[in-house]
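Remarks on the overall topology
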Amino acid sequence: MEEKMTARTGEQTADRLLPSFSMLPVCDIPADQPTGVVGIGHGSSRWLRRLADRLGGTGMTYAAKEKLAGAIRDKGEAYTCWRGMLAMLLLWDLHRDAPQALEAVCWDKGTPLAAMLLEASGLQDSAAFGEKLCVMTLRQGGRQLPVAIPDREALLVPAVDASLDSDVIPPWVTWFDRDEGKMQDPVGLMNETEREVLVKRLQLFLQAYGAEESALSQAVRQLAEDTAKINRDAREALSDSKGSAVQELALRIEAILGLKGHEAFPGLTGDSAVMQTGGTNPVLSALHIPHSADRKLVCCTTYRWNGVPFARDAERFVYEPTGHADEAAALDELSLELDLAAEYIPHWNEHLSGGLSELWEKCKRKNRLYPAVTKTVFQLFGRADKQKETKPVVLNIPEERGLAAAGYLMKTLLGDDAAQLPQKLFSDRLTLVPFAALADGALAQAAFVRYDEDGSPLCALPPLSAALTAFLTERAHITLQPEGLRFLPADEEGSL
C-alpha cells in the first residue's frame, strides 16, 4: 500500500532516514545577512525543527538562488566564494591523491523528503534539478560537509556563503585562504592545466543549459572568460621584449635552474602534483552533462623560495606566476641572490649555463611554447655561456646577512668559523687622521675617506669591535689584510 504523507509519517520518515541528512549544513548565519540565506525558523514544521535540533544547531541554511544572484551583482565576498567553489568542485577529479571524497547524495525530486528539503532551502524551483535533487558533500573519514547543490542555472548554489571548514579543503586548492577560512578568486591562482579543464567544463555547462541568459548563467560565462583571459594577457605581455613580464620570466628560469640542487640555496624547494585529465566529475554527472576527454597524466611542480611559491611548471610558459601575495617580494630576494652568485660564486655561470642548455634542448622539442618564451630561453643561454669569470669576493660591512649566497661565500672563506662571526665588526666611531700620519702606504690608500676643508686628505683608522677582536684572537689563521680594506662614506656628511 502506498503510504500517504502526513505529519506523523513525515516525522517517521525523517527519523528513519536521519543518517542520510547528516550531510545537511548547520549554520548560525543571520537571515538578514547581505548575501542572504533562507533558514528554518519557528515558522517551520515541527519535525524540521526537531531534525535541526538533532543535528546540533538552531537551523539549516542554504544560500537561496535569488540571494546568490544579488551577491553576484554586488561582486562581494559571496561572489568570490561561489567562483572558488565552482573551480574546486569542477576540478576535483583531476587530483586523485586528496584524502577527501566528493560525493553527490541524491533524492528523487518527487519524494516528500526532497520536497521538504526544497522548502527548507528556499530553492522552490525543483525543475532546476532535473529528476533528482542532489547535495554535493565532502567526506573525510567519518565527517561529511555539505558544500553545494548542483543547479541548471547557477551550476552550483553554495551551501555556505563564504566560510568553509579548512580541514576538508585539500591542499591543491591554492585559492583557499586557510588563515581566513575563505575562498579567494581562483582565476589567477590555478595552474595551467586546471585553467584549461575548468574553461572546457564551464563551456560544456553553458552549451547544455545556458541558452536562456540570466544573471546566474552570465556569471558562469564570465568565470570562463576571465579564466581563458589569463593566457591571452600573459602572451600579450611577453610580446614586449623589454617589459616586466619577460624580465620576470627570465628571473624565474635563472632562479630555478641556478639555485636548484646547489648547496648554497636550501631555501629553494619544490612540490609536485600529478593530475589526471579525462576523469568523471561528480557535479557534471549530477547535471547529466557528458564530459569525456582524453586521459593523460600531467605533473606540475610549484617552486618555493623560503616557503613562498614564486613559479610553477607550464607547457606554454616553461614557468608561470603563482599569484601568491608574497610572490613579488620573493622575486626581489631571488634577484639579489642571483646577482651575488653570478659575481662571486666560483663556476656559477658554468653551472647555470648547463641548466639552460638542457632547457633549450627541451624547448626545441616543445610545440606548445609561445615564441616569446623560446626567444627568452635562447637569449639567457647565450648570455650565460659568455659569462665565465667570477670576481674576488668583496665583503661589505654591514653585509646582507639575509642572503643565502652571502652566507655561502662567508662559509667558503671562513669555514665553520663563519657561523661565529660577530654581527658588529667595527666600533661605532672611526678616527679620522691626516693621510701622512699613516706610515703604511697601502693602509693609507685603503683608509682614505675624504678631503679636509683645507684640501688635505683624511683617512679612517679601523678600530675593531671588541667582539671581532676576540674572534680574531681565538683564530690566528684568519687575518685582515690592509690592502683589502675600503671605507666608503655612507652619506653626504661623510659618515662611514
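Computed from a predicted model, the values in this text were never measured in an experiment. (Residues numbered from 1 in each chain as written. Predicted model: local features only at pLDDT ≥ 70, side-chain atom pairs only at ≥ 80, totals over all residues. Heavy atoms only, no water.)

1. Here we look at the overall build of the chain
Helices and strands together make up the secondary structure of the chain, namely 15 helices and 15 strands. Residues counted as buried form 47% of the 496 residues belonging to the chain. In the chain, of all internal contacts separated by at least 6 residues, the share reaching a separation of at least 24 is 67%. By element, 51% of the accessible surface of the chain is carried by carbon and sulfur atoms, the whole surface being about 25600 Å². (Helix = DSSP H or I, 4+ residues; strand = E, 2+ residues; numbered from the N terminus. Buried < 20%, exposed > 50% of the residue type's maximum accessible area, 1.4 Å probe, protein only. Contact = heavy atoms within 4.5 Å. Areas by Shrake-Rupley, 256 points an atom, 1.4 Å probe, with all protein chains shown as cover.)

2. Some details on the pairing of strand 10 (residues 296-305)
Across 10 bridges, the pairing between strand 9 (residues 268-277) and strand 10 is antiparallel. Looking across to strand 10, one finds that methionine 275 is bridged to valine 298. As judged from the four bridges shared by strand 10 and strand 11 (residues 308-314), these two strands associate in the antiparallel manner. The residue of strand 11 that forms the bridge with threonine 302 is arginine 312. Connecting strand 10 to the antiparallel partner strand 11 that follows it, the hairpin turn spans two residues, and asparagine 306 within it adopts a positive phi of roughly 50°. (Pairing = 2+ DSSP bridges.)

3. Regarding the packing of helix 6 (residues 192-209) against helix 7 (residues 215-238)
Contact pair helix 6 / helix 7: the axes reach a minimum separation of 9 Å and the direction vectors enclose 150°. Here helix 7 runs roughly antiparallel to helix 6, going by the angle between their axes. For the crossing formed where helix 6 meets helix 7, the hand is left-handed. Facing helix 6, whose interface residues are Arg195, Leu198, Val199, Leu202, Phe205 and Leu206, helix 7 presents Ser217, Val220, Arg221, Leu223, Ala224, Thr227, Ala228, Ile230 and Asn231. Here the contact of helix 6 with helix 7 is composed, by residue class, of 10 nonpolar, three polar and two charged. (Axes fitted to C-alpha atoms, helices over the stretch in contact; angles between N-to-C directions. Parallel < 35°, antiparallel > 145°, perpendicular 65-115°, else oblique. Left-handed = near helix turned anticlockwise from the far one by under 90°. Nonpolar A, V, L, I, M, F, W, Y, C, P; charged D, E, K, R; others polar.)

4. A word on the pattern of salt bridges
Applying the stated criterion to the full structure yields 15 salt bridges. Residue aspartate 233 pairs with lysine 229 through a salt bridge whose shortest N-O separation is 2.7 Å. In this pair, aspartate 233 and lysine 229 are both assigned in helix 7, four residues apart and thus about one turn of the helix distant. Classification of aspartate 233 by relative accessible area gives partly exposed; the value is 36%. On the basis of relative accessibility, which here comes to 39%, the residue lysine 229 falls in the partly exposed class. When the shortest N-O distance is used, the salt bridge between arginine 252 and glutamate 248 registers 3.7 Å. Within this pair, arginine 252 and its partner glutamate 248 are both found in helix 8 (residues 244-259), separated by four residues, close to a single helical turn. Several salt bridges converge on common partners, so that one network encompasses Glu192, Glu196, Glu315, Arg316 and Arg368. (Salt bridge = Lys/Arg side-chain N within 4 Å of Asp/Glu carboxyl O.)

5. As for the environment of arginine 235
With respect to the helices and strands, arginine 235 occurs in helix 7. For the pair formed by arginine 235 and tyrosine 370, sequence separation is 135 residues and the distance between their alpha carbons is 7.2 Å. Discounting residues that sit within four places of it in the chain, arginine 235 has contacts with Phe317 and Tyr370.

6. Overview of the packing of aromatic side chains
Applying the stated rule across the entire model yields nine aromatic pairs. Relative to tyrosine 319, the ring of tyrosine 303 has its centre 5.6 Å away and its plane inclined at 85°; by these criteria the two rings are edge-to-face. Here tyrosine 303 is found in strand 10, whereas its partner tyrosine 319 is found in strand 12 (residues 318-320), with 16 residues between them in sequence. There is no split in this pair, since tyrosine 303 and tyrosine 319 are both buried. Here tryptophan 360 and phenylalanine 378 contribute two aromatic rings whose centre-to-centre distance is 5.1 Å and whose plane-to-plane angle is 50°, an arrangement assigned as tilted. (Phe/Tyr/Trp six-rings, centres within 6.5 Å; stacked < 30°, edge-to-face > 60°.)

7. Concerning helix 4 (residues 77-90)
Taking 1.5 Å as the rise per residue, helix 4 with 14 residues should run 20 Å; its terminal C-alpha atoms sit 20 Å apart, in good agreement. Counting buried residues in helix 4 gives 13 out of 14 residues, a clear majority hidden from the surface. (Expected span 1.5 Å × (residues − 1).)

8. Description of a positive patch on the surface
Together, Lys260, Lys362, Arg365 and Lys366 make up a positively charged patch on the protein surface. Tracing the sequence through the fold places lysine 260 in the loop between helix 8 and strand 9. (Patch = residues over 30% accessible without salt bridge, like charges linked within 9 Å, V, L, I, M, F, W, Y side chains within 5 Å. Lys, Arg positive; Asp, Glu negative; His and termini not counted. Charge placed at Lys NZ, Arg CZ, Asp CG, Glu CD.)

9. Things to note about the environment of alanine 404
Its place among the elements puts alanine 404 in helix 13 (residues 404-414). Sequence separation of alanine 404 and glutamate 333 is 71 residues, and the distance between their C-alpha atoms is 9.7 Å. In contact with alanine 404, not counting residues within four places along its chain, are Ala264, Phe265, Trp305 and Glu337.

10. Overview of the sheet that holds strand 12
Sheet architecture is open: four strands sit in the order 9-10-11-12, paired in antiparallel fashion. What marks the edges here is a single partner per strand, and that holds for strand 9 and strand 12. Taken pair by pair, the neighbouring strands of this sheet meet at an average axis angle of 30°, ignoring direction. Each of strand 10 and strand 11 is contacted by helix 10 (residues 327-344), which is oriented at about 85° to strand 11, the strand it contacts most.

11. Focus: the confidence of the model for the chain
Per-chain confidence: the chain averages 74 in pLDDT, with 64% of residues scoring 70 or above. Mean pLDDT in the chain bottoms out at strand 1 (residues 38-39), which sits at 34, and peaks at strand 11, which reaches 95. Between residues 1-63, whose pLDDT stays under 50, and residues either more than four places distant or in other chains, the model counts 105 contacts. (pLDDT = per-residue confidence, 0-100.)

12. Some points on the nonpolar core
Nonpolar side chains tend toward joint burial in soluble globular proteins. Core analysis: the biggest nonpolar cluster contains 52 residues, and Met88, Leu89, Leu155, Trp175 and Val283 have the highest contact counts within it. In terms of residues, this core owes the most to one element, helix 4, which gives nine residues. Once residues within four sequence positions are removed from consideration, tryptophan 175 is found in contact with Gly84, Ala87, Met88, Leu91, Lys182, Met183, Gln184, Asp185, Pro186, Leu189, Met190 and Glu194. In this structure, Val246, Ala250, Val308 and Cys363 belong to the second largest nonpolar core, which totals 46 residues. (Core = buried A, V, L, I, M, F, W, Y, C linked by side-chain atoms within 4.5 Å.)

13. What about the state of the cysteines?
Taken as a whole and assessed by the stated rule, the structure comprises zero disulfides. Free cysteine cysteine 299: the closest other cysteine sulfur is in cysteine 300, separated by 7.3 Å. (Disulfide = S-S within 2.5 Å.)

14. Thoughts on unusual backbone geometry
Here lysine 75, not a glycine, exhibits a phi torsion of approximately 55°, which is positive. Of note, lysine 75 is situated in the loop between helix 3 (65-74) and helix 4. Backbone geometry at histidine 288 places phi at a positive 60°, although glycine is not the residue there. Within the fold, histidine 288 resides in the loop between helix 9 (282-286) and strand 10.

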